[in-house]
Amino acid sequence: MFKKIILIIPFILILFVASCGKETKITFNSNGGSPIESIQTEKDFNVEKLPTPLKDDYSFIGWYLDEEFSTPIIGNIPKDLVFTLYAKWKAKDYTITFNSNGGSDVNSITSEYGAVVVKPTNPTKADYTFVDWYSDASLETAYEFTTMPSGGITLYAKWKAKDYTITFNSNG
């Protein structure tokens, strides 16, 4: 029995020495967000102290242990681990508003950044024909509907007066 204990003690010492000096290393994949430096620590690490990246037109949802975002990181991170965390994002919502310049009202379009947006039904205005939507109040830059722009936008209607032909009958 004593011989078994003597054989086990060196094994325990080897495990103890091997575990000393190990540290946790966390690397970050910000998925297009601002770069985040790796963290190295010899202590347990609280996830509430994880850095928050920034990304234009997106809100940061949180850090995840996998690229599929199925496992969020929560609680304390024990020491002696090496792993990568992945940032999850949600596109921000923006609005396209319409100034019909005296024409019928057109409802605003609110959608997330980058989503496909479809041109609304043209407004109407008595004695005028609708030309198109413009991104500037001076009506110089026609707007092309593709995707929701960053920050949203106000569009302006351009109109052309209808032409009328007046014929006079001088017989009477």
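Anything mentioned here points back to the structure above.
These numbers were taken from a predicted model, which means no experiment stands behind them.

Cut-offs and rules
Once a new chain begins, its residue numbering starts again from 1 and follows that chain's sequence as written. Totals for whole chains, interfaces and linings use all residues, but because this is a predicted model, local features are given only for residues with pLDDT of at least 70 and pairs of side-chain atoms are given and counted only at 80 or more. Excluded from the side-chain calculation are hydrogens and water; included are all heavy atoms of the structure. For the purposes of this entry, the term helix denotes a DSSP run of H or I that reaches at least four residues, the term strand denotes a run of E that reaches at least two, and both are numbered from the N terminus. Partly exposed describes any residue whose relative accessible area lies between the buried limit of under 20% and the exposed limit of over 50%, with all areas from a 1.4 Å probe on protein chains only and scaled to the type maximum. We call two residues contacting when some pair of their heavy atoms lies within 4.5 Å. Every accessible area reported is derived by Shrake-Rupley at a probe size of 1.4 Å, with residue values counting cover from the shown protein chains alone. The criterion for strand pairing is that DSSP finds at least two bridges linking the strands in question. Axis definition: a line fitted to C-alpha atoms, over the contacting stretch in the case of helices. Angles run 0 to 180 degrees between N-to-C directions.

Engineer: What exactly am I supposed to notice about the overall build of the protein here?
Structural biologist: Within the protein, the secondary structure is distributed over one helix and ten strands. Considering the protein as a whole, with its 172 residues, one finds that 29% of them fall into the buried category. Summarising the internal contacts of the protein: among those between residues at least 6 apart in sequence, 55% fall at separations of at least 24. Working note: accessible area of the protein is about 12000 Å², and carbon and sulfur atoms make up 53% of it.

Engineer: How do you make sense of the pairing of strand β6 (residues 82-91) when you look at a structure like this?
Structural biologist: One face of the sheet, then the other: side chains in a regular strand alternate in exactly this way. Sheet analysis places strand β1 (residues 24-29) next to β6, joined by five bridges and oriented parallel. The residue bridging threonine 27 from the neighbouring strand is threonine 84, located in β6. Here strand β4 (residues 58-64) runs beside β6; their pairing, made up of six bridges, is antiparallel. Considered in β6, the bridge of tyrosine 58 is made with alanine 91.

Engineer: Explanation requested: the sheet that holds strand β10 (residues 153-161) in the structure shown.
Structural biologist: In any sheet, the strands associate via hydrogen bonds between backbone groups, in a parallel or an antiparallel arrangement. Strand order in the open sheet formed by four strands is β8-β7-β10-β9, with mixed pairing between adjacent strands. Unpaired on one side and paired on the other, β8 (109-112) and β9 (128-134) mark the two borders of the sheet. Taking the axes of each pair of neighbouring strands and ignoring which way they run, one obtains an average angle of 25° across the sheet.

Engineer: What is the right way to read the sheet that holds β1 from this model?
Structural biologist: One open sheet accounts for four strands, arranged β2-β1-β6-β4; its pairing is mixed. Both edges of this open sheet fall to β2 (39-41) and β4, since each of them pairs with a single strand only. The average undirected angle you get between the axes of adjacent strands in this sheet is 25°.

Engineer: What exactly am I supposed to notice about the environment of lysine 160 here?
Structural biologist: With respect to the helices and strands, the residue lysine 160 is situated in strand β10. C-alpha separation for the pair lysine 160 and valine 131, spaced 29 residues apart in sequence, amounts to 6.6 Å. Residues in contact with lysine 160, not counting those within four places in the same chain, are Asp127, Tyr128, Thr129 and Val131.

Engineer: Where do I start with the side chain of threonine 41 in this structure?
Structural biologist: For threonine 41, the position within the fold is in strand β2. The residues contacting threonine 41, other than those within four sequence positions of it, are Glu23 and Thr24.

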